[in-house]
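The residues making up each chain are set out below.
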Amino acid sequence: MAGSCSVLVVDPEHASVNGRKRTQRPQKTHLEVADELRTRIRSGVLRAGQRMPTQAKLADEFGVERGAVRQALRILQSEHLLTNVSKGSPATVAPIQGPAAGLVPAGPGAPPMPTTAALAPRIAAAFAEPHVEVDALCLTSVSLTLAIGEPLRRIHAGELKPAKVDVRVLLPSRDIDLAFPTPVDAPDEQGRLQRRWLAHRNAQGQVLRHNLLALRSSHGIDVNVTFRALPFTPPVKLYLLNGVEALFAYYTVTRREEEVDHEQLEMYDAEGTRSMLFAFEQGAGLRDTTFVEQSHIWFNALWETISSELVLWS
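About the thresholds
- Positions within a chain are numbered from 1, following the residues in the order the chain's sequence is written.
- Residues qualify for local features only when their pLDDT is at least 70, as the model is predicted, and side-chain atom pairs are given and counted only at 80 or more; totals for whole chains, interfaces and linings, by contrast, use all residues.
- With hydrogens and water stripped out, all remaining heavy atoms of the structure feed into the side-chain values.
- Strand pairing is assigned whenever DSSP detects at least two bridges linking the two strands.
- Every helix listed is a DSSP run of H or I at least four residues long, and every strand listed is a run of E at least two residues long, numbered separately from the N terminus.
- Any two residues having at least one pair of non-hydrogen atoms within 4.5 Å are treated as being in contact.
- Simply put, an axis is a line fit to the C-alpha atoms, just over the touching stretch for a helix, and the angle between two N-to-C directions goes from 0 to 180 degrees.
- Note that the term roughly parallel is reserved for angles under 35 degrees, roughly antiparallel for angles over 145, roughly perpendicular for angles of 65 to 115, and oblique for everything else.
- For any pair of crossing helices, the crossing counts as left-handed if the nearer helix is rotated counterclockwise from the farther one by less than a right angle, and right-handed if it is rotated clockwise.
- Residue polarity is assigned by list, with Asp, Glu, Lys and Arg as charged and Ala, Val, Leu, Ile, Met, Phe, Trp, Tyr, Cys and Pro as nonpolar; anything else, Gly included, falls into the polar class.
- Think of it this way: a Phe, Tyr or Trp ring, Trp meaning its six-membered ring, pairs with another when their centres are within 6.5 Å, and the plane angle makes it stacked under 30 degrees, edge-to-face over 60, tilted otherwise.
- Each residue gets one of three labels from its accessible area relative to the maximum for its type: buried under 20%, exposed over 50%, partly exposed in between, using a 1.4 Å probe on protein chains only.
- Whether a charge lies above a ring is judged from NZ of Lys or CZ of Arg, which has to be within 6 Å of the ring centre and within 35 degrees of the ring normal.
- How far a helix is expected to stretch is found by multiplying one less than its residue total by 1.5 Å.
- What the arc describes is the spread of directions from the helix axis to the C-beta atoms.

Undergrad: Is there a simple way to think about the sheet that holds strand β12 (residues 276-281) in this case?
TA: Hydrogen bonding along the main chain pairs the strands of a sheet, whether they run parallel or antiparallel. Strand order in the open sheet formed by eight strands is β3-β12-β9-β8-β4-β5-β7-β13, and the pairing between neighbours is mixed. Of all strands in the sheet, those bounded by a partner on one side alone are β3 (113-114) and β13 (308-309). By the bridge criterion, four bridges tie strand β9 (residues 245-250) to β12 in an arrangement that is antiparallel. Looking across to β12, one finds that F248 is bridged to F278. The sheet contacts of helix α5 (residues 142-156) involve β4 (131-137), β5 (164-172) and β8 (236-241), and relative to β8 the element is tilted by about 35°.

Right under this line is the structure:
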């Protein structure tokens, strides 16, 4: 069913560009603004040819000066993601150049890149195959949910036509005490913080599953989405694509302050959307091939042994 489609996205880390009132929070840097806008472009939330919000609206949304917004837009222009960046009219999302546009190379020559930039184009490339296989191990599925947006858009536009999609996701169990996020000096707040994480985990998982399973009725694609729970907090994130690619990143824990239930809370946490992804490709040398093979063995061992059934409660 080509044409317009509605894809649900739940993204607490990236607010919409609709000018809604924001809460007080630490001011972002121009690099963080660039990261968030890059995510919207890579995931298809902002599409080729679409005009960006004005610099004034972006400054208001992110709580920064217009100078920081201009710096962020220039970064995206240098990456060929935006055009017409100036002090006047709003910038425009750049058109896709050629069939391989936006693809992030894998293999020994691929530079590590933030998850926001690297994951979506690799997921889209994986969906070009007749049988798509995606295995993911992560703290929440927010990065995966965002990255799936681009291939879904291209499927609805008739550009991609996989026959079968199998997705397996390993997430931390609700029954463990998370290593992170965790309060710095308020152990009695752990329960509230964990409930917030659990709601986030479940919401992202439900949206991911809903968007993928909708392809059954809309395009007749054989789709299977399965979640299982881990008895530990993963210190790394891993994405395995079609048995031939492995994307690996560390969760770097930092100390930061964030608003939780209208109160500022200091916590130790990791922002997975900014984790640097290292790409490995089977057949790109012994190092890469071995890493992909061992990653599959590791993932399957966790899936088949110590993981348990995971139900995404609402």
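Undergrad: Please explain the packing of helix α4 (residues 115-126) against α5 as it appears in this structure.
TA: Two quantities define a packed helix pair, namely the angle between the axes and the distance from one axis to the other. In the contact formed by α4 and α5, the axes pass within 8 Å of each other and the chain directions differ by 40°. The angle between α4 and α5 falls in the class oblique. Read as a crossing pair, α4 and α5 show a hand that is right-handed. Residues T115, L119, A120, I123 and A124 of α4 touch α5, and the partners they reach there are S143, L144, A147, I148, E150, P151 and R154. Of the residues contributing to the contact of α4 with α5, the split by class is eight nonpolar, two polar and two charged.

Undergrad: I keep staring at the sheet that holds strand β6 (residues 182-183) and nothing clicks. Help me out?
TA: Strands sit in the order β6-β11-β10 across an open sheet of three strands; the sheet is antiparallel. Sheet topology places β6 and β10 (254-260) at the edges, where each strand pairs with a single neighbour. Both β10 and strand β11 (residues 263-269) contribute to a ladder of seven bridges, which runs antiparallel. Bridge pairing links R255 to Y268 in β11. Contacts between helix α6 (residues 190-219) and the sheet are confined to β6, β10 and β11, with β10 contributing the most and set at about 80° to the helix.

Undergrad: I tried to follow the packing of aromatic side chains on my own but got confused; where do I start?
TA: Both the distance between ring centres and the angle between the ring planes are used here to describe each pair of aromatic rings. As enumerated under the stated definition, the model contains five aromatic pairs in all. Here F280 and F291 contribute two aromatic rings whose centre-to-centre distance is 3.9 Å and whose plane-to-plane angle is 20°, an arrangement assigned as stacked. Pair noted here: F280 is in strand β12 and F291 is in helix α7 (residues 286-304), with a separation of 11 residues, a long-range link. What makes F280 buried here is its relative accessible area of 8%. The ring of W303 carries R168 above its face, with NZ or CZ at 5.0 Å from the centroid.

Undergrad: What should I look at first to understand helix α3 (residues 66-78) in this one?
TA: Spanning 13 residues, α3 covers 18 Å between terminal C-alpha atoms, matching the ideal 18 Å at 1.5 Å per step. Regarding α3, the residues found buried are A68, V69, A72, L73 and L76. The buried side chains of α3 occupy one side of the element, clustering within an arc of 135° when seen end-on. Residues of α3 that are buried make contact with α1 (30-42), α2 (55-62) and β1 (82-83). Looking at the residues trailing α3, positive phi occurs at H80, about 65°.

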